Amino acid sequence: MSQDDSTAPESADNSGAAVRRSGNPFVLGGLALVLVLAFITFFAMRGNSDTPGGADCVSEQVTLTTAPVMEELVREAVKDVNADEPCIDIEVTTGSVKDVVALLSDPDAQLPDIWIPDSPTWKGQLTAAGWTGSPIAEVLAQTPVGLIGGPAAKAPASWAGVLDGGSLAMADPSAEGASALALLAPYAEMKKTGETAATIEQKTVPVAQTYGERAVAGSANETDLSTISASSTQLVPATEQAYLAARRSNDQLSLVAPKTGVPMLQYPLIDVNRGNKDILASGGDISARVGRAVTRWFTSSAGVEAIAAAELRGPDGAPLPNDIGLGNAQVLNTVPQKTTDDALRQWRVLSVPSSILAVVDLSGSMKTAIGDTTRIQLAVTASQVALDAFPAQARIGIWGFSKNRGEGGASYEEYATLDRLDAPAGDAGTHGDVVRKVAGGLPGRVNGGTGVMDTTLAAYKYAQEKWDPAWFNSVVIMTDGASDDSSSLSLESLVNQLKSVRDPAKPVKVIIIGISQDADTGELEQIAAATGGQNFLVENPNEILGVLAQALLNR
């Protein structure tokens, strides 16, 4: 608007008097034209305040982070939203749950206003960091998760069976959605398999320990479907969409579904905020407004077609055309949020590599029969089961104990030093080969009385010397009874000394496994408690993994 336009009202008053005096119609028409032009210029510059698309609107920014697989769809949706909301600047970035969760540890980091995560673990991880997320849409799109292997891959009976079968190659469940669902699926199928939370936890130990081995070694823990070949025997959790995309460049891939069903990886739309504020309570919240507009696009005909073109399934979960991918495979129910959070916490603990000094009772009473076996054979078999569960990077050592067994009358003797199972051992092969041979020969070493007190203190101090922060450091004592060595430490003296040398900065836990009902659980409980450890009773070798799982979770 010009300076002359801005003084138009005053000029109009003066001119009005002139008009009345002169009555000149040309002057009146000219003034009317000036006023019309002035008003047009004013509103053009001012913009319509009732319309978001006004030319002088102040741009508001909303950040949206989406799972990579949803990026193309989201950008189409945002383009459509911007056509109706030109004054909202929607910044789209891509990131997995791992990427967004990484920001939670940085107090200066800026989380997205709205988020499309690619893992069911998103909620628990946000909450743990003091953030909350309110779903704007529970499901924008989804894709089932199966198992990818080589051409010879066969459909397993259940997810629990895969977990226990030794062929499952997991990525980090806290960072990768398909692996998270592979971890949760055994819980979803429990009514079909008869498994319990405890047995699933036990089956998780070997897989978690193997994952932990790769993590410590710095190996990649992300799914790489391009590495699967005709000879591959491993099964990799992956989505139907990922399989279809990968198969275009690798025709050796096969996708199978456990007979119990498949879990569904859903992509919700989340409004992210700090604390407990209900950001959806106000319809004026800009990010929620954008989220609702994005959701409308996904449910539109254009959105439905785009979802199908991306080889994803819509909110109804209907199979892809021509039953490609997993077709009509039965879909498992979603597990409760608490189950998701608990399973992820357990995984984080169980995946820490183990350093175990196994200290085995070799006193004469260990020859006592238990059904069709003996106590020492039960201990040996349990040890072999545990060895099979641990990856090559686990550190394992073996001591035996009984009265006057070692040098200088010591109650203990070392048979295999504490070292990684994959460590070279000269002509003997690897340290793992040595440990297995030593364990198998323990029944031939049984004799004498029980000298558990002196042995426990010596083993604990040894484990402290060998302490390593990359491992869960522990002493596992297998015994069938209380100490009967009158020349060794008393229970009170042992407990006091253990408490005295215990170092919270270098934790070592004593885990005592009682072999048979004759084990003095009261005495053994006090010894374990002095180091923050636990005491267990085992009467079946197959119970050992459950014991180890409980011990690992009690860190």
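Note: the structure precedes this text.
Residues numbered from 1 in each chain as written. Predicted model: local features only at pLDDT ≥ 70, side-chain atom pairs only at ≥ 80, totals over all residues. Heavy atoms only, no water.

A. The overall build of the protein, seen in detail. Helix and strand counts for the protein stand at 20 helices and 15 strands. Going through the 555 residues of the protein one by one, you find that 49% of them count as buried. Taking the contacts inside the protein whose residues are at least 6 apart along the sequence as the reference set, 78% of them involve residues at least 24 apart. Carbon and sulfur atoms form 51% of the exposed surface of the protein, whose accessible area is close to 25400 Å². (Helix = DSSP H or I, 4+ residues; strand = E, 2+ residues; numbered from the N terminus. Buried < 20%, exposed > 50% of the residue type's maximum accessible area, 1.4 Å probe, protein only. Contact = heavy atoms within 4.5 Å. Areas by Shrake-Rupley, 256 points an atom, 1.4 Å probe, with all protein chains shown as cover.)

B. Representation of empty space enclosed by the protein. By the definition in use, this model includes four cavities of 30 Å³ or more. Quantified by volume, the largest cavity comes out at close to 170 Å³. Taken together, 17 residues make up the lining of the largest cavity; nearest its centre are I356, A358, S383, A386 and M478. Secondary-structure elements contributing two or more residues to the lining of the largest cavity are strand 8 (354-361), helix 15 (375-389), strand 11 (395-401), helix 16 (431-441), strand 13 (472-479) and helix 20 (544-553). With four residues, the top contributor of residues to the lining of the largest cavity is helix 15. (1 Å grid on protein atoms, 1.4 Å probe; cavity = no way out; pocket = protein on both sides within 12 Å on 5 of 7 lines; lining within 4 Å. Points joined across faces, edges and corners; volume = space filled by probe spheres on them.)

C. Region of the structure containing the pattern of salt bridges. In total, this model carries ten salt bridges according to the counting rule given. For E85, the salt bridge is made with R289, and the minimal N-O distance between the two is 2.6 Å. Highlighted residues: E85 in the loop between helix 4 (71-84) and strand 2 (88-94) and R289 in helix 12 (residues 286-299), separated in sequence by 204 residues. Of the charged contacts in the structure, one is a salt bridge between D480 and R375, with a shortest N-O distance of 2.8 Å. Within this pair, whereas D480 is found in the loop between strand 13 and helix 18 (491-501), its partner R375 is found in helix 15, the two being separated by 105 residues in sequence. Of the two residues, D480 and R375, both sit in the buried class. Taken together, the shared-partner salt bridges in this structure form one network comprising D164, E195 and K203. (Salt bridge = Lys/Arg side-chain N within 4 Å of Asp/Glu carboxyl O.)

D. How the structure looks around the packing of helix 4 against helix 12. Put simply, helix 4 and helix 12 touch, their axes get as near as 9 Å, and they point 115 degrees apart. Our classification of the angle between helix 4 and helix 12 gives roughly perpendicular. Once helix 4 is placed against helix 12, the crossing between them reads as right-handed. Two secondary-structure elements touch here, helix 4 through L73, V74, E76, A77, D80 and V81 and helix 12 through A293, V294, W297 and F298. A breakdown of the residues in the contact of helix 4 with helix 12 according to their chemical character gives eight nonpolar, no polar and two charged. (Axes fitted to C-alpha atoms, helices over the stretch in contact; angles between N-to-C directions. Parallel < 35°, antiparallel > 145°, perpendicular 65-115°, else oblique. Left-handed = near helix turned anticlockwise from the far one by under 90°. Nonpolar A, V, L, I, M, F, W, Y, C, P; charged D, E, K, R; others polar.)

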